[in-house]
Amino acid sequence: MGATADWSDQAACRSSDPEGLFDAAAGQNRVKAVCTGCPVRIECLVEALDNRIEFGVWGGMTERERRALLRRRPGVTSWRQVLEAARIAHEQPRAS
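Note that this is a predicted model, so its numbers are computed, not measured.

## Overview of the overall build of the protein chain
- Summing up its helical and strand segments, the protein chain has 4 helices and 0 strands in all.
- For the protein chain, the α and β elements follow one another from N to C terminus as α-α-α-α.
- For the protein chain, long-range pairs separated by at least 24 residues make up 49% of all intrachain contacts whose partners lie at least 6 apart in sequence.
- Total accessible area computed for the protein chain in this model is approximately 6,600 Å², and 53% of it derives from carbon and sulfur atoms.

## Details of the nonpolar core
- Ranked by size, the top nonpolar core spans 10 residues in total: Ile-42, Leu-45, Val-46, Leu-49, Met-61, Leu-69, Leu-70, Val-76, Trp-79 and Leu-83.
- Counting only elements with at least two residues in this core, the list comes to helix 2 (41-50), helix 3 (63-72) and helix 4 (79-91).
- Top element by residues in this core is helix 2. It accounts for 4 residues.
- Contacts of Leu-49, omitting those with residues within four sequence positions, involve Arg-66, Leu-69, Leu-70, Trp-79 and Leu-83.
- Core analysis: the second largest hydrophobic core is formed by 7 residues, Trp-7, Ala-11, Cys-44 and Trp-58 among them.

## So, unusual backbone geometry
- Even without being a glycine, Arg-52 presents a positive backbone phi close to 50°.
- Arg-52 sits in the partly exposed class, given a relative accessible area of 43%.

## A short note on the pattern of salt bridges
- Applying the stated criterion across every chain, the model contains 3 salt bridges.
- A salt bridge links Lys-32 to Glu-65, with the shortest nitrogen-to-oxygen separation between them at 2.7 Å. Residue Lys-32 is located in helix 1 (residues 25-35), and its partner Glu-65 is located in helix 3; the two are separated by 33 residues in the primary sequence.
- Relative accessible area serves as the criterion here: at 28%, Glu-65 is assigned to the partly exposed category.
- Between Glu-84 and Arg-87 there is a salt bridge, and its shortest N-O distance comes to 2.7 Å. You can see Glu-84 and its partner Arg-87 sitting in helix 4, 3 residues apart, about one turn around the helix.
- Under the relative-accessibility criterion, Glu-84 is labelled partly exposed at 23%.

## Section: the packing of helix 2 against helix 3
- Between helix 2 and helix 3, the shortest axis-to-axis distance is 11 Å and the interhelical angle comes to 65°. In terms of their interaxial angle, helix 2 and helix 3 are classed as roughly perpendicular. Remark: the crossing between helix 2 and helix 3 carries right-handed chirality. Residues Leu-45, Ala-48 and Leu-49 of helix 2 lie in contact with helix 3, whose contacting residues are Arg-66, Leu-69 and Leu-70.

## What to know about the environment of Trp-79
- As for its placement among the helices and strands, Trp-79 is situated in helix 4.
- Judged by its relative accessible area of 1%, Trp-79 is buried.
- Taking C-alpha positions, Trp-79 is 9.5 Å from Glu-43, a pair spaced 36 residues apart along the chain.
- If near-sequence neighbours (up to four positions away) are discounted, Trp-79 is found in contact with Val-46, Leu-49, Asp-50, Arg-52, Leu-69, Leu-70 and Arg-73.

Rules used in this analysis
- Residues numbered from 1 in each chain as written.
- Predicted model: local features only at pLDDT ≥ 70, side-chain atom pairs only at ≥ 80, totals over all residues.
- Heavy atoms only, no water.
- Helix = DSSP H or I, 4+ residues; strand = E, 2+ residues; numbered from the N terminus.
- Contact = heavy atoms within 4.5 Å.
- Areas by Shrake-Rupley, 256 points an atom, 1.4 Å probe, with all protein chains shown as cover.
- Core = buried A, V, L, I, M, F, W, Y, C linked by side-chain atoms within 4.5 Å.
- Buried < 20%, exposed > 50% of the residue type's maximum accessible area, 1.4 Å probe, protein only.
- Salt bridge = Lys/Arg side-chain N within 4 Å of Asp/Glu carboxyl O.
- Axes fitted to C-alpha atoms, helices over the stretch in contact; angles between N-to-C directions.
- Parallel < 35°, antiparallel > 145°, perpendicular 65-115°, else oblique.
- Left-handed = near helix turned anticlockwise from the far one by under 90°.

These values are about where atoms sit, not about what they do.
Structure below.
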């Protein structure tokens, strides 16, 4: 069992009411705010995208946002690779 196998133990929402993760639209914005600083946000989002989880907020994205992303990128076979590459690109200083 690797370090990512129990990523949910490190999730910022682990002590939250689980029902809140599946709230209606207004409640989802509150849940997404919890995701902002979560140390395992990418792992959470990968779980939802790779497994096509249809409901709830995962990794800071609502089900509607995830569906739209999946439609835009139907050929992605590993969301971990895509999201890690995006994170690295975002963290690199911009060239002048």
